[in-house]
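# Descriptive analysis of the structure
Read off the chains here:
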Amino acid sequence: MRNVKHLECIKCGLRTDPVPQATLCPACGGLLEVIYDYDWIRSKIAPADFAGDRNPSIWRYRRFLPVEETSPGPALRVGGTPLYQPEALGEVIGLADLWIKDDGLNPTASLKDRASSLAAIKALEAGAKVVACASTGNAASSMAGNAASMGLSAWIFVPQRAPQGKVAQLLIFGANVVKVQGNYKDAFDLSARAIERYGWYNRNAAINPYLMEGKKTVSLEIAEQLDWSVPDWVVVSVGDGCTLAGVWKGFVDLYQTGFISRLPKLVGVQAEGSQAIARAFLDNQPLAPGEENTLADSIAVGVPRNPDKALKALRDSKGTVALVSDQEILDAMRVLGRQAGIFGEPAGVAGLAGLRKLVRDGIIGRTERVVAIVTGNGLKDPASAGLAAGQPLEIPPDLNQLTEAVTCWENESARKEPKRA
Ligand SMILES: *Cc1c(COP(=O)(O)O)cnc(C)c1O
Ligand SMILES: [Zn+2]
């Protein structure tokens, strides 16, 4: 890896070799970060070069990724997700320059594919045949899909509450699925012990330093899609904190390489019922374990695995946090669907829900440019979609009964019309 200098512990500064199996700092147990040779990257690629690259996946950014020159890219089209500017949604939220990055359009329908594809590549580099992880759902389903696409086996540990759509994905992708009777922490702890016993490749995001590097590609894409200009704010939901940290790393790498000339402020949004990282940020205190009490299962994390990098990202970016209720999350699902035609899962839209609050509170200005990342697709969790949007009209096959409903709808639409004008 000519582009990588070494791994560096964010706690004690120890430098280690960037071997594919790297996990935590061997000296102090701190998180490791990939340190790049930005001069080398700059000598190899410039912003203008991307225009001629026909590969839409994260592989277009491989100079910024910790992968061997000889490694194959992801077999699936990971990344290359659209960045929309839905004006009607902007009006409802109160923003004139709102952009939505729909990362639910990744191959297994969440942003986690960006990390899992890197895990698969690094597992192959390590000569591993099996990858393992614990997850509330999306890390698992994306690992299972990316493993299947690259000829790897997967052992996946999920907590009892993982939604059906995500478990269905695991099974279809042929993973060995262990539903642990307990919460996310229980699933995580069992996976860690199994990984140690069997020597599987570890895809647990806070422990594996390479996964955040995959996640950062969302920021590389956003910057490229905005013609290498930088939004004022980037908003994302937070569970373990790896996604937020990855978003920050992407912008920092581009800044250090000279591709962009400033950095955005980040917003990390958590659910009121699972707010460990937001609490630590707001109270300026070390992280204390919290509850896992939200229907947004992907961010139901009581003991976050990556608070250090996430808190650092928030502080370094001069960003902030927001807390949202489950009701606000469901409202955001509905608004996003109706105003923009985008279907997000609860955790996927929590960022948007938090953004709405920050605009209302005047913390984000109405003319600032904001990118909200939708991190996962709503089809993963149809039960929550039902809570957000209700049930269909059910009638006999009778045109007269339909007529009643249509008349009602017409009257309602007419009442709404004047407001629009
Ligand atoms: C995992 C996930 C998040 C949060 O990412 P963390 O790294 O745990 O903070 C947000 N939304 C969705 C849909 C996710 O799957
Ligand atoms: Zn250390």
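Heads up: the structure comes first, above all this text.
In this report, the structure presented in the accompanying data block is examined.

Basis of the calculations
- Residues numbered from 1 in each chain as written.
- Chains lettered and ligands numbered in written order.
- Predicted model: local features only at pLDDT ≥ 70, side-chain atom pairs only at ≥ 80, totals over all residues.
- Heavy atoms only, no water.
- 1 Å grid on protein atoms, 1.4 Å probe; cavity = no way out; pocket = protein on both sides within 12 Å on 5 of 7 lines; lining within 4 Å.
- Points joined across faces, edges and corners; volume = space filled by probe spheres on them.
- Helix = DSSP H or I, 4+ residues; strand = E, 2+ residues; numbered from the N terminus.
- Nonpolar A, V, L, I, M, F, W, Y, C, P; charged D, E, K, R; others polar.
- Axes fitted to C-alpha atoms, helices over the stretch in contact; angles between N-to-C directions.
- Parallel < 35°, antiparallel > 145°, perpendicular 65-115°, else oblique.
- Contact = heavy atoms within 4.5 Å.
- Donors = N, O, S within 2.8 Å, 3.2 Å for Na, K, Ca; no water.
- Tetrahedral: all angles 85-135°; square planar, octahedral: opposite > 155°, others 65-115°.
- Near = heavy atom within 4 Å.
- Polar contact = N/O pair within 3.5 Å; in protein donor to acceptor, adjacent residues only side chain to side chain.
- Areas by Shrake-Rupley, 256 points an atom, 1.4 Å probe, with all protein chains shown as cover.
- Sits in = over half its atoms within 2 Å of the grid points.
- Patch = residues over 30% accessible without salt bridge, like charges linked within 9 Å, V, L, I, M, F, W, Y side chains within 5 Å.
- Salt bridge = Lys/Arg side-chain N within 4 Å of Asp/Glu carboxyl O.
- Core = buried A, V, L, I, M, F, W, Y, C linked by side-chain atoms within 4.5 Å.
- Buried < 20%, exposed > 50% of the residue type's maximum accessible area, 1.4 Å probe, protein only.
- Pairing = 2+ DSSP bridges.

### Topic: the layout of surface pockets
Computed from the structure, the second largest pocket encloses a volume of approximately 280 Å³. Taken together, 16 residues line the second largest pocket, and the ones lying closest to its centre are Glu33, Trp248, Lys249, Val252 and Lys312. Elements with a minimum of two residues in the lining of the second largest pocket: β3 (32-36), α9 (242-257) and α11 (307-316). With five residues, the single largest contributor to the lining of the second largest pocket is α9. Each residue belonging to the lining of the second largest pocket can be placed in one class, and the counts come to 10 nonpolar, one polar and five charged.

### So, the packing of helix α12 (residues 326-340) against helix α14 (residues 382-389)
Two elements in contact, α12 and α14, have axes separated by 8 Å at closest approach and are oriented at 85°. Classified by the angle their axes make, α12 and α14 are roughly perpendicular. Contacts from Leu330, Met333, Arg334 and Arg338 of α12 reach α14 at Ser384, Ala385, Leu387, Ala388 and Ala389. Tallied by class, residues from the contact of α12 with α14 come to six nonpolar, one polar and two charged.

### Considering the coordination of the zinc ion (ligand 2)
Six octahedrally arranged donors around a metal ideally form angles of 90 or 180 degrees; four tetrahedrally arranged donors ideally form angles of 109.5 degrees. Distances from the zinc ion (ligand 2) to its protein donors, Cys9 (SG), Cys12 (SG), Cys25 (SG) and Cys28 (SG), fall within 2.3 Å. Every donor counted, the four donor atoms about the zinc ion (ligand 2) form angles of 97 to 116° at the centre, which fits tetrahedral coordination. Along the chain, the residues donating to the zinc ion (ligand 2) fall in the pattern C-x2-C-x12-C-x2-C. In this pair, Cys9 is assigned in strand β1 (residues 4-9) and Cys28 in the loop between β2 (15-16) and β3, connecting sequence segments 19 residues apart.

### With respect to the site of ligand 1
As a matter of local geometry, ligand 1 sits amid 16 residues, with Lys112, Asp240, Gly241, Thr243 and Thr375 nearest to it. Between ligand 1 and Lys112 there is a distance of 2.8 Å, counted from an oxygen atom to a side-chain nitrogen or oxygen. Residue Thr375 places a side-chain N or O atom 2.6 Å away from a nitrogen atom belonging to ligand 1. Contact with the protein chains covers 96% of the free accessible surface of ligand 1, which is 380 Å². At a threshold of 2 Å from the grid points, most atoms of ligand 1 map onto the largest cavity. Split by residue class, the shell around ligand 1 holds four nonpolar, eight polar and four charged.

### Details of a nonpolar patch on the surface
There is a patch of nonpolar side chains on the surface, built from Leu393, Ile395, Leu399, Leu402, Val406 and Trp409 and spanning about 600 Å² of accessible area. Tracing the backbone through its elements, the reader meets Leu399 in helix α15 (residues 399-420).

### Overview of the nonpolar core
Judged by nonpolar contacts, the single largest core of 83 residues is most densely connected at Val131, Met143, Ile156, Leu254 and Ile373. With seven residues, the top contributor of residues to this core is α9. Not counting residues up to four positions away in its chain, the partners in contact with Met143 are Ser116, Ala119, Ala120, Val131, Cys133, Ile156 and Arg203. Residues Leu98, Ala296, Ala322 and Leu336 belong to the second largest nonpolar core, which totals 36 residues.

### Some points on the sheet that holds β3
Strands sit in the order β2-β1-β3 across an open sheet of three strands; the sheet is antiparallel. Strand pairing shows two members of the sheet lacking a second neighbour, β2 and β3, which therefore form its edges.

### Notes on empty space enclosed by the protein
Taken as a whole, this structure holds three cavities of 30 Å³ or more when the rule is applied. When its volume is computed, the largest cavity comes out at roughly 340 Å³. Forming the walls of the largest cavity are 30 residues, and the residues nearest its centre are Lys112, Lys215, Asp240, Thr243 and Ser298. Of all the elements in the fold, those that place two or more residues in the lining of the largest cavity are α4 (138-149), α6 (184-198) and α9. Grouping the amino acids of the lining of the largest cavity by side-chain chemistry returns 12 nonpolar, 12 polar and six charged. Counted as a void, the second largest cavity has a volume near 40 Å³. For the lining of the second largest cavity, a count of residues per class yields seven nonpolar, two polar and one charged.

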